[in-house]
Amino acid sequence: MVILSLRTGWISEKNILRIRLLGPLEIENSGQYLTLTAPRERAVLSLLLLEANRTVSIEQLVEAIWGESPPATVRAQMQICISAIRRSLTRIGASNVVETRPPGYQLCVAPEAFDTHSFDALAREGAVALQDNRLSAAETALTGALDLWAGPLLADIDNDVVESHRVSLADRRLALVEELHAIKLQRGATVEVIAALRILVTQNPLCESLHAQLMEALILAGRQTDALTVYRRAARLLKDELGIQPCRRLVTLMEQILDDGRASESTYAHGATWASTRLS
């Protein structure tokens, strides 16, 4: 992996730049790590990283950092901030990465340097394998994508723009987790999936799809009573916290369990009547 500067072209492959956004911000180049302690510099760099290889206007940066009440010296402060970021990058051998590109700045880095790029590539690989019903390959790819996750996106950056990206990516991650669990259920790893889903449901108590998947796993394990308990908890939470009824998927699973139970009771009652008649 190498970095690309619009001014100088490809930098020597001896310089291997790695940018980790999945978790706390970390930038490494050939064993040297970027150190930025000023919160504002870290926030500006994060915004440029999220829009890598696209120009971010000064106005966008100002609004994201200062909101609707920037100081009178905001442009000078932004220039000081960008200069500090450039110096820090140069110290780890990654000079000329932040370019001045009217009406703002652009961070020029090969996409392959980002862990988010690898995350996306593995997620796509998993989706294709799943579409082709190659369950083992899909499981390997999705596991690889999720293994890159060291925490929420840019976990140590407090910024509204970053937070919107963070929420979106967290939703994508959760969808991949559900896909992976669905694959594992097909491959018979019911006990493992139930244990993992119990933790996820605790962490995401209002996520209906996780409750539903936990119910499905418990049904597959023959634990219908436990599955009904999951349904009742989910229904209570949704009513108390959001004032809504459970989704159709949850209701359908609950009805399926109750219908199966009534069918079993009917069969048992019919058998008991037949035996009683025979004995008399």
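Our subject is the structure that appears above.
Residues numbered from 1 in each chain as written. Predicted model: local features only at pLDDT ≥ 70, side-chain atom pairs only at ≥ 80, totals over all residues. Heavy atoms only, no water.

**Student:** Would you take a moment to explain the overall build of the protein for this structure?
**Tutor:** Scanning the protein for helices and strands turns up 10 helices and eight strands. Scored against the burial criterion, the 280 residues of the protein give a buried share of 41%. Considering only residue pairs separated by 6 or more positions, the protein has 60% of its internal contacts joining residues 24 or more positions apart. Working note: accessible area of the protein is about 15,400 Å², and carbon and sulfur atoms make up 53% of it. (Helix = DSSP H or I, 4+ residues; strand = E, 2+ residues; numbered from the N terminus. Buried < 20%, exposed > 50% of the residue type's maximum accessible area, 1.4 Å probe, protein only. Contact = heavy atoms within 4.5 Å. Areas by Shrake-Rupley, 256 points an atom, 1.4 Å probe, with all protein chains shown as cover.)

**Student:** Would you mind going over empty space enclosed by the protein with me for this structure?
**Tutor:** With a probe scaled to a water molecule rolled over the atoms, the places where space remains empty come into view. Per the counting criterion, the structure on display carries one cavity of 30 Å³ or more. In this structure, the largest cavity spans a volume of roughly 40 Å³. Lining the largest cavity are Leu17, Ile19, Ile27, Leu49, Leu89, Ala94, Val97, Leu107 and Val109. Considering only residue class, the lining of the largest cavity consists of nine nonpolar, no polar and no charged. (1 Å grid on protein atoms, 1.4 Å probe; cavity = no way out; pocket = protein on both sides within 12 Å on 5 of 7 lines; lining within 4 Å. Points joined across faces, edges and corners; volume = space filled by probe spheres on them. Nonpolar A, V, L, I, M, F, W, Y, C, P; charged D, E, K, R; others polar.)

**Student:** Explain the pairing of strand β7 (residues 98-101) here, please?
**Tutor:** Within a regular strand, the side chains alternate between the two sheet faces. Bridging between β7 and strand β8 (residues 104-107) involves four bridges; their strand directions are antiparallel. When the bridges of β8 are listed, Val98 appears paired with Leu107. Counted between consecutive antiparallel strands, the loop separating β7 from β8 contains two residues. (Pairing = 2+ DSSP bridges.)

**Student:** Can you help me understand the pattern of salt bridges in this one?
**Tutor:** Pairing of side chains with opposite charge becomes possible as their charged atoms draw close. Summed over all chains, the structure comprises 14 salt bridges. Among the ionic pairs, Arg20 bridges to Glu26, the shortest N-O distance being 2.4 Å. Across the salt bridge formed by Glu192 and Lys184, the nearest N and O atoms sit 2.6 Å from each other. Residue Lys184 is classed as buried on the basis of its relative accessible area, which comes to 14%. A cluster of three or more residues bridged by salt bridges with shared partners is formed by Arg18, Arg20, Glu26 and Glu28. (Salt bridge = Lys/Arg side-chain N within 4 Å of Asp/Glu carboxyl O.)

**Student:** Hey, could you run me through the sheet that holds strand β4 (residues 26-29) in this one?
**Tutor:** Two pairing modes exist for strands in a sheet, parallel and antiparallel, and in both the strands are linked by backbone hydrogen bonds. Sheet architecture is open: three strands sit in the order β3-β4-β5, paired in antiparallel fashion. A strand with exactly one partner marks an edge of an open sheet, and here the two such strands are β3 (17-20) and β5 (32-33).

**Student:** Explain the packing of helix α7 (residues 190-203) against helix α8 (residues 208-220) to me, please; I cannot follow it from the model alone.
**Tutor:** Helix packing geometry: the angle between the two helix axes and the distance between the axes. Between α7 and α8, the shortest axis-to-axis distance is 9 Å and the interhelical angle comes to 155°. Compared by their axis directions, α7 and α8 come out roughly antiparallel. For the element pair α7 and α8, the recorded crossing hand is left-handed. Contact with α7, carried on its side by Thr190, Val193, Ile194, Leu197, Arg198, Leu200 and Val201, involves Leu210, His211, Gln213, Leu214, Ala217, Leu218 and Leu220 of α8 and no other residues of that element. Here the contact of α7 with α8 is built from residues that sort into 10 nonpolar, three polar and one charged. (Axes fitted to C-alpha atoms, helices over the stretch in contact; angles between N-to-C directions. Parallel < 35°, antiparallel > 145°, perpendicular 65-115°, else oblique. Left-handed = near helix turned anticlockwise from the far one by under 90°.)

**Student:** Can you walk me through the packing of aromatic side chains in this structure?
**Tutor:** Under the counting rule described, the total for this entry stands at one aromatic pair. On the numbers, 6.0 Å between centres and 50° between planes, the contact of Phe119 with Trp149 is tilted. You can see Phe119 sitting in helix α4 (residues 115-131) and its partner Trp149 sitting in the loop between α5 (135-147) and α6 (160-186), a full 30 residues away along the chain. Of the two residues, Phe119 and Trp149, neither departs from the other in class, the shared state being buried. (Phe/Tyr/Trp six-rings, centres within 6.5 Å; stacked < 30°, edge-to-face > 60°.)

**Student:** What am I meant to see in the side chain of Glu139 here?
**Tutor:** Inspection of the secondary structure assignment puts Glu139 in helix α5. Judged by its relative accessible area of 19%, Glu139 is buried. At 2.8 Å, the side chain of Glu139 and the side chain of Arg187 are in polar contact. When sequence neighbours within four positions are dropped, the list of residues in contact with Glu139 reads Leu180, Ile183, Lys184 and Arg187. (Polar contact = N/O pair within 3.5 Å; in protein donor to acceptor, adjacent residues only side chain to side chain.)

**Student:** Can you walk me through a nonpolar patch on the surface in this structure?
**Tutor:** Together, Leu206, Leu242 and Ile244 line one region of the surface with nonpolar side chains, adding up to about 230 Å² of accessible area. Its place among the elements puts Leu206 in the loop between α7 and α8. (Patch = residues over 30% accessible without salt bridge, like charges linked within 9 Å, V, L, I, M, F, W, Y side chains within 5 Å.)

**Student:** Is there a simple way to think about α5 in this case?
**Tutor:** A turn of α-helix holds 3.6 residues, and therefore any two residues three or four places apart point the same way. Taking 1.5 Å of rise per residue, 13 residues should cover 18 Å, and α5 covers 18 Å from first to last C-alpha, within 8% of that figure. Where the residues of α5 are buried, they touch α4 and α6. (Expected span 1.5 Å × (residues − 1).)

**Student:** Help me understand the layout of surface pockets, please; the structure alone is not making it clear to me.
**Tutor:** In this structure, the largest pocket spans a volume of roughly 420 Å³. Residue lining of the largest pocket: 18 residues in total, with Leu21, Leu50, Thr116, Asp120 and His165 positioned closest to the centre. Contributions of two or more residues to the lining of the largest pocket are made by α1 (39-50), α4 and α6. Looking at the lining of the largest pocket residue by residue, the class counts come to nine nonpolar, five polar and four charged.

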